[in-house]
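# Summary of structural features
Spelled out from the first residue to the last, the chains are:
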Amino acid sequence: MENYQELTAKQKTFFQSGKTKDVQYRLNALTKLKEIMTSHEQEILDALKADLNKPEVETKRAEIGLVIGEINFMIENLSSWSTTQEVETPSTHEGATSFIISEPYGSALVIAPWNYPIQLALAPLAGAIAAGNCAVLKPSELTPHTSSLLAKMINENFSEEYLRVVEGEVETSTALLKEKFDYIFFTGSTGVGKIVAEAAAKHLTPTTLELGGKSPAIVHEDADLDETATRIARSKFANAGQTCVAPDYLLVHRSVKDQLIAKMQEVITATYGENVSESLEFPHVVSERHFDRLHQFLNDGETVVGGNSDRSRLFIEPTILDHISWEDSIMQDEIFGPILPVLVYDELPEAIDAIVERPKPLALYLFTDNEKVQDDVLTKISFGGGAINDAINHMTTHYLPFGGVGNSGMGAYHGKASFDTFSHFKSILKRSNK
């Protein structure tokens, strides 16, 4: 494994120069990052097509558009975010004033995943830049075309003592985690997140963990089934289900289950065509290992929609499994693929208890207009974030911090939350000697 002490030493020296703390320096870097993304748009589209067969419209919206939106929001608000904040001082501290200074941590390590390899690399990197940090970015080796492009985009336009992309296999991440960074931002699985947290603990390095889990979509008996079917199907099967906040399973009131499944079948056909395997708009599974893991789940329950697959093309069509129990293999871990199991409930407390008994999910989606049901779910179930009568879109707004809780992660980002995540807030009491 390569030794990265020289790289981290260069970044620490550059950070100590104070250049990255200058707000204009940060604004220039953010503007440059946006310009780089714009000028490399076609290369980004090509790389994601090669790595995941991701359609152009999805890449423009979820990869390029979301990050540029984040950068624009940061540029617009950075001056106010970085201003020293004056706060009240207790009357017992006569003659004193109090204020809070936001300061960057120093050198940050960002480890990005493969499922949204542009968005989940550059959105946290933009947060690190906005807060005034230097940063090292490690993309996923499972999306090699995108990883190589990220290295080109960053390494050819920024000095390594400021921003650097380091490519490599798992051993590269292991070597980087041995270095003493001032902050670590990791997006990936819960299992690997524990490894990152253990490595960070050796240096007492503060860490954000953006993980995953089994995110439920609860469909109550009064839900608008046409809208519900559309919103669940499109959010679940986007990127072939390889989305950390995609609905992992349906928990549906028994009285509307069959109607909902029928309507979801209609949405899938309308979106991808009668033969999804011929669609140019449906991504493939990232690797053979992930394909094999997903394919085993097709043995659970009864396949009522889809079920076709082709290992040679890493293709699994949008699939819905009925007659699933909590004991089935598909309900033991996050699915992260285009397979949607369906479970039923008769009374709401039954559904709530089933979720509460399990690890806290990253997201939860509730489809109902009943405000009592909404209140019960929101107050009784702990989860990272979510939506009512919608799915996924809570993570696309700059005004909502995005992150998990418990097994689904710690910390949050997006919008000002990204600036806050990569900043230490220094509290100062100033007293006169008069």
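Residues numbered from 1 in each chain as written. Predicted model: local features only at pLDDT ≥ 70, side-chain atom pairs only at ≥ 80, totals over all residues. Heavy atoms only, no water.

### Topic: helix α6 (residues 144-155)
Taking 1.5 Å of rise per residue, 12 residues should cover 16 Å, and α6 covers 16 Å from first to last C-alpha, within 8% of that figure. Turning to α6, its buried residues number three or more, namely Thr146, Ser147, Leu149, Leu150, Ala151, Met153 and Ile154. Each element contacted by the buried residues of α6 is listed here: α2 (23-39), α3 (41-52), α5 (119-131) and β5 (163-165). (Helix = DSSP H or I, 4+ residues; strand = E, 2+ residues; numbered from the N terminus. Expected span 1.5 Å × (residues − 1). Buried < 20%, exposed > 50% of the residue type's maximum accessible area, 1.4 Å probe, protein only. Contact = heavy atoms within 4.5 Å.)

### Details of the packing of helix α9 (residues 225-237) against helix α10 (residues 257-272)
Interaxial distance between α9 and α10 falls to 8 Å at its minimum, and their mutual angle equals 55 degrees. In this view, α9 runs oblique relative to α10, as classed from their interaxial angle. The hand of the α9/α10 crossing is right-handed. Between α9, through Leu225, Asp226, Thr228, Ala229, Thr230, Ile232, Ala233, Arg234 and Phe237, and α10, the contact on the second element is made entirely by Gln259, Leu260, Lys263, Met264, Val267, Ile268, Thr271 and Tyr272. Looking at side-chain class alone, the contact of α9 with α10 contains 10 nonpolar, four polar and three charged residues. (Axes fitted to C-alpha atoms, helices over the stretch in contact; angles between N-to-C directions. Parallel < 35°, antiparallel > 145°, perpendicular 65-115°, else oblique. Left-handed = near helix turned anticlockwise from the far one by under 90°. Nonpolar A, V, L, I, M, F, W, Y, C, P; charged D, E, K, R; others polar.)

### Examining the UniProt feature "active site" (unreviewed entry) in the protein
Residues given the UniProt feature "active site" (unreviewed entry) here are Glu210. Topologically, Glu210 is positioned in strand β7 (residues 207-210). (UniProt positions renumbered as here; feature names shortened; annotations may be inferred.)

### Section: helix α13 (residues 371-380)
Within the sequence span of α13, burial applies to Val373, Gln374, Asp376 and Val377. The arc enclosing the buried residues of α13, seen along the axis, measures out at 165 degrees, which places them on a common side. Opposite the packed face of α13, turned more than 90 degrees from it, sit the exposed residues Glu371, Lys372 and Thr379. Looking at the buried side of α13, the elements it contacts are β8 (216-219), α12 (348-356), β15 (363-367) and β16 (385-388). Between the side-chain oxygen of the N-cap and the backbone nitrogen of Lys372 there are 2.9 Å, and the N-cap of α13 in question is Asn370. (Arc of directions from axis to C-beta. Polar contact = N/O pair within 3.5 Å; in protein donor to acceptor, adjacent residues only side chain to side chain.)

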